[in-house]
Amino acid sequence: MPTIELITIINAPIEKCFDLARSIDLHMESTKQTGEQAIGGRTSGLIELGETVTWRAKHFGIWQTLTSKITGFDRPNFFADEMVKGTFKSFRHEHYFLSRHEQTLIKDIFLFESPVGILGSLFNWLVLKRYMTRLLLRRNKIIKATAER
């Protein structure tokens, strides 16, 4: 299963970073290039444990819908979201937060799998991992810029 791991260091308190990372509104801001919108479940504000959000966005020229659920939550240290319905075979995004002096270290671990057997595996490694890494880096850049304002 492909895995993406990212570290982002932000000059802001851990609580602020944690809340920005689970903000539906900020997520939409960071994915404007895909036209992503929250269309079901929690559609604005801060998502909480057990809540779902359904996203609609255009990826690879195709409108897609995906529903994820917050399955783990320990404010302000950790939360996880997992796909419950969508085009992936599966995905889990773990968000870890560590306070260091006046900074917050965010560690993202994104595990995913495409459907369609061997073709999906090839697509994962050749295209999707790089694409998802760019999306996550852009998201973290927006979280960092907002937190440090």
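Just above sits the structure.
Not measured: the values here are computed from a predicted model. (Residues numbered from 1 in each chain as written. Predicted model: local features only at pLDDT ≥ 70, side-chain atom pairs only at ≥ 80, totals over all residues. Heavy atoms only, no water.)

Caption draft 1: Structural detail: a nonpolar patch on the surface. On the surface, F60, V116, I118, L119, L122, F123, L126 and V127 cluster together to form a nonpolar patch covering roughly 790 Å² of accessible area. With respect to the element layout, F60 can be found in the loop between β3 (52-59) and β4 (62-74). Exposure remark for F60: the relative accessible area of 43% places this residue in the partly exposed category. (Patch = residues over 30% accessible without salt bridge, like charges linked within 9 Å, V, L, I, M, F, W, Y side chains within 5 Å. Areas by Shrake-Rupley, 256 points an atom, 1.4 Å probe, with all protein chains shown as cover. Salt bridge = Lys/Arg side-chain N within 4 Å of Asp/Glu carboxyl O. Helix = DSSP H or I, 4+ residues; strand = E, 2+ residues; numbered from the N terminus. Buried < 20%, exposed > 50% of the residue type's maximum accessible area, 1.4 Å probe, protein only.)

Caption draft 2: Highlighting the layout of surface pockets. In this model, the largest pocket occupies a volume close to 840 Å³. The wall of the largest pocket is formed by 40 residues, among which H59, L66, F88, F91 and M132 lie closest to the centre. Breaking the lining of the largest pocket down by element, the ones donating at least two residues are α2 (24-30), β3, β4, β5 (78-85), β6 (90-100) and α3 (117-147). With nine residues, α3 is the single largest residue contributor to the lining of the largest pocket. (1 Å grid on protein atoms, 1.4 Å probe; cavity = no way out; pocket = protein on both sides within 12 Å on 5 of 7 lines; lining within 4 Å. Points joined across faces, edges and corners; volume = space filled by probe spheres on them.)

Caption draft 3: Inspection of the side chain of E36 at higher detail. Counting through the fold element by element, E36 comes out in the loop between α2 and β2 (37-41). The side chain of E36 is buried and forms no salt bridge, while R139, the nearest opposite charge, is found at 8.6 Å. Within the structure, E36 has its side chain in polar contact with the side chain of H27 (distance 3.2 Å). Look past the residues within four positions of E36 in its chain and what remains in contact with it is H27, M28, T31, W55, R56, A57 and H59. (Lys, Arg positive; Asp, Glu negative; His and termini not counted. Polar contact = N/O pair within 3.5 Å; in protein donor to acceptor, adjacent residues only side chain to side chain. Contact = heavy atoms within 4.5 Å.)

Caption draft 4: Quick peek at the packing of aromatic side chains. Tallied over the entire structure, the rule returns eleven aromatic pairs. Geometrically, the ring pair formed by F79 and F97 is stacked, given 6.1 Å between the ring centres and 20 degrees between the ring planes. Taken together, the positions of F79 in strand β5 and F97 in strand β6 put the pair 18 residues apart, joining distant regions of the chain. Both residues of the pair, F79 and F97, belong to the buried class. (Phe/Tyr/Trp six-rings, centres within 6.5 Å; stacked < 30°, edge-to-face > 60°.)

Caption draft 5: Looking closely at the pairing of β3. Here β2 pairs with β3 via four bridges, running antiparallel. Paired with Q37 across the two strands is R56, which belongs to β3. By the bridge criterion, eight bridges tie β3 to β4 in an arrangement that is antiparallel. Residue V53 lies in a different strand from β4, and its bridge partner there is S68. (Pairing = 2+ DSSP bridges.)

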